[in-house]
Amino acid sequence: NKDSAYALIVEGRPVQMLARLYNLYYRMESLLDSGTLLSRRGSLYSEEGSDKTTGTTQFDRTAGRASYERQAEATVKVDFPIPAGTQDGLAAFYAIRAHAFKPGERFTIPVTDSGSMYTVQVDVAATESIRVAIGELSAWKLTVGITDIQDQPVWKNMALWISNDARRLPVKMQAEL
């Protein structure tokens, strides 16, 4: 069905002790086309202290464009061209999970966030045994780099481990903040 889509939702809050000190809440949503695994829409709602913000990106695949709208104290709207295959951040994470990994492989995904374009580069290492709460699993280690439109790094020392089985579970993530 050409209209079917996956709704992806991720929520984040700090541990209770930190929550008492400062209000933080994030909700990220993505509507992912089930046939192409490309974003149709992505959004991020955030509460930081008393500030509340919603940012939404709509994708027009036919026109090769995206529009971003940020609603906070003032509304900001941006319309911009996107390369084929551009994802929102959450959809990119999902698409990485669906990729057929090969050791030594490198692939990139164009990603838009908050009206800006980024390139996510993924380097695939060999599988390794990793111990997590659900037990010991064989997992692909993926080293991830994110650069902005000027090819400047925006995140360093990021890695993701995806289970090497039919579930393709994200079992560990590390990032330098």
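Residues numbered from 1 in each chain as written. Predicted model: local features only at pLDDT ≥ 70, side-chain atom pairs only at ≥ 80, totals over all residues. Heavy atoms only, no water.

**Examining the overall build of the protein chain**
Looking only at helices and strands, the protein chain has two helices and 11 strands in total. Each helix and strand of the protein chain, placed in order from N terminus to C terminus, yields the pattern β-α-β-β-β-β-β-α-β-β-β-β-β. Against the globule reference of 16 Å for 177 residues, the protein chain gives a C-alpha radius of gyration of 17 Å, in line with a compact fold. Viewed in the frame of its principal axes, the protein chain has a C-alpha envelope of about 50 × 45 × 40 Å. Going through the 177 residues of the protein chain one by one, you find that 32% of them count as buried. Across the protein chain, every contact between residues at least 6 apart in sequence was considered, and the portion connecting residues at least 24 apart equals 35%. A total accessible area of about 10800 Å² is found for the protein chain, and carbon and sulfur atoms account for 52% of it. Of the side chains in the protein chain, 20 bear a positive and 21 a negative charge, and the two mean positions are spaced by 4 Å. (Helix = DSSP H or I, 4+ residues; strand = E, 2+ residues; numbered from the N terminus. Rg over C-alpha atoms; globule rule 2.2 N^0.38 Å. Buried < 20%, exposed > 50% of the residue type's maximum accessible area, 1.4 Å probe, protein only. Contact = heavy atoms within 4.5 Å. Areas by Shrake-Rupley, 256 points an atom, 1.4 Å probe, with all protein chains shown as cover. Lys, Arg positive; Asp, Glu negative; His and termini not counted. Charge placed at Lys NZ, Arg CZ, Asp CG, Glu CD.)

**A word on the nonpolar core**
Of all hydrophobic cores here, the largest spans 16 residues; its most connected members are Ile-96, Phe-101, Phe-107 and Leu-142. Listing elements by their share of this core, those giving two or more residues are α2 (89–98), β7 (106–113), β8 (116–132), β9 (135–148) and β10 (153–163). It is β9 that provides the largest number of residues to this core, a total of four residues. Each residue touching Phe-107, except ones within four places of it in the same chain, is listed here: Ile-96, His-99, Phe-101, Val-120, Gln-121, Val-122 and Val-124. Core analysis: the next-biggest nonpolar cluster, separate from the first, contains seven residues, Ile-130, Ala-139, Ala-159 and Trp-161 among them. (Core = buried A, V, L, I, M, F, W, Y, C linked by side-chain atoms within 4.5 Å.)

**Quick notes on the layout of surface pockets**
Looking at the largest pocket, its volume works out to about 970 Å³. Residue lining of the largest pocket: 27 residues in total, with Met-28, Gly-89, Ile-146, Trp-155 and Met-158 positioned closest to the centre. Going through the elements one at a time, β1 (5–12), β2 (24–33), α2, β7, β8, β9, β10 and β11 (170–176) are the ones with two or more residues in the lining of the largest pocket. For the lining of the largest pocket, a count of residues per class yields 21 nonpolar, four polar and two charged. Within this model, the second largest pocket holds a volume of roughly 220 Å³. (1 Å grid on protein atoms, 1.4 Å probe; cavity = no way out; pocket = protein on both sides within 12 Å on 5 of 7 lines; lining within 4 Å. Points joined across faces, edges and corners; volume = space filled by probe spheres on them. Nonpolar A, V, L, I, M, F, W, Y, C, P; charged D, E, K, R; others polar.)

**Considerations on the sheet that holds β1**
Pairing is antiparallel across the open sheet formed by six strands, whose spatial order is β1-β2-β3-β4-β5-β6. If you trace the sheet from one side to the other, it starts and ends with β1 and β6 (75–81), each paired once. Ignoring which end each strand starts from, the neighbouring axes of this sheet average 10° apart. The sheet contact formed by β2 and strand β3 (residues 39–48) spans nine bridges and is antiparallel. Across the sheet, the residue bridging to Leu-32 is Ser-39, located in β3. Along the sheet, α2 makes contact with β1, β2 and β3, crossing β2 at roughly 60°. (Pairing = 2+ DSSP bridges. Axes fitted to C-alpha atoms, helices over the stretch in contact; angles between N-to-C directions.)

**Details of the packing of aromatic side chains**
Summed over all chains, the structure comprises three aromatic pairs. Relative to Trp-140, the ring of Phe-101 has its centre 5.7 Å away and its plane inclined at 55°; by these criteria the two rings are tilted. One end of the pair, Phe-101, is in the loop between α2 and β7; the other, Trp-140, is in strand β9, with 39 residues separating them in the sequence. Across from the ring centre of Trp-161, 4.7 Å away, lies the NZ or CZ of Lys-172, which sits over that ring. (Phe/Tyr/Trp six-rings, centres within 6.5 Å; stacked < 30°, edge-to-face > 60°. Lys NZ or Arg CZ within 6 Å of the ring centre and 35° of its normal.)

**Quick notes on the environment of Ser-114**
Residue position: Ser-114 is located in the loop between β7 and β8. Ser-114 gets classed as partly exposed once you look at its relative accessible area, which sits at 43%. In this structure, the C-alpha to C-alpha distance between Ser-114 and Thr-57, residues 57 residues apart in sequence, is 7.6 Å.

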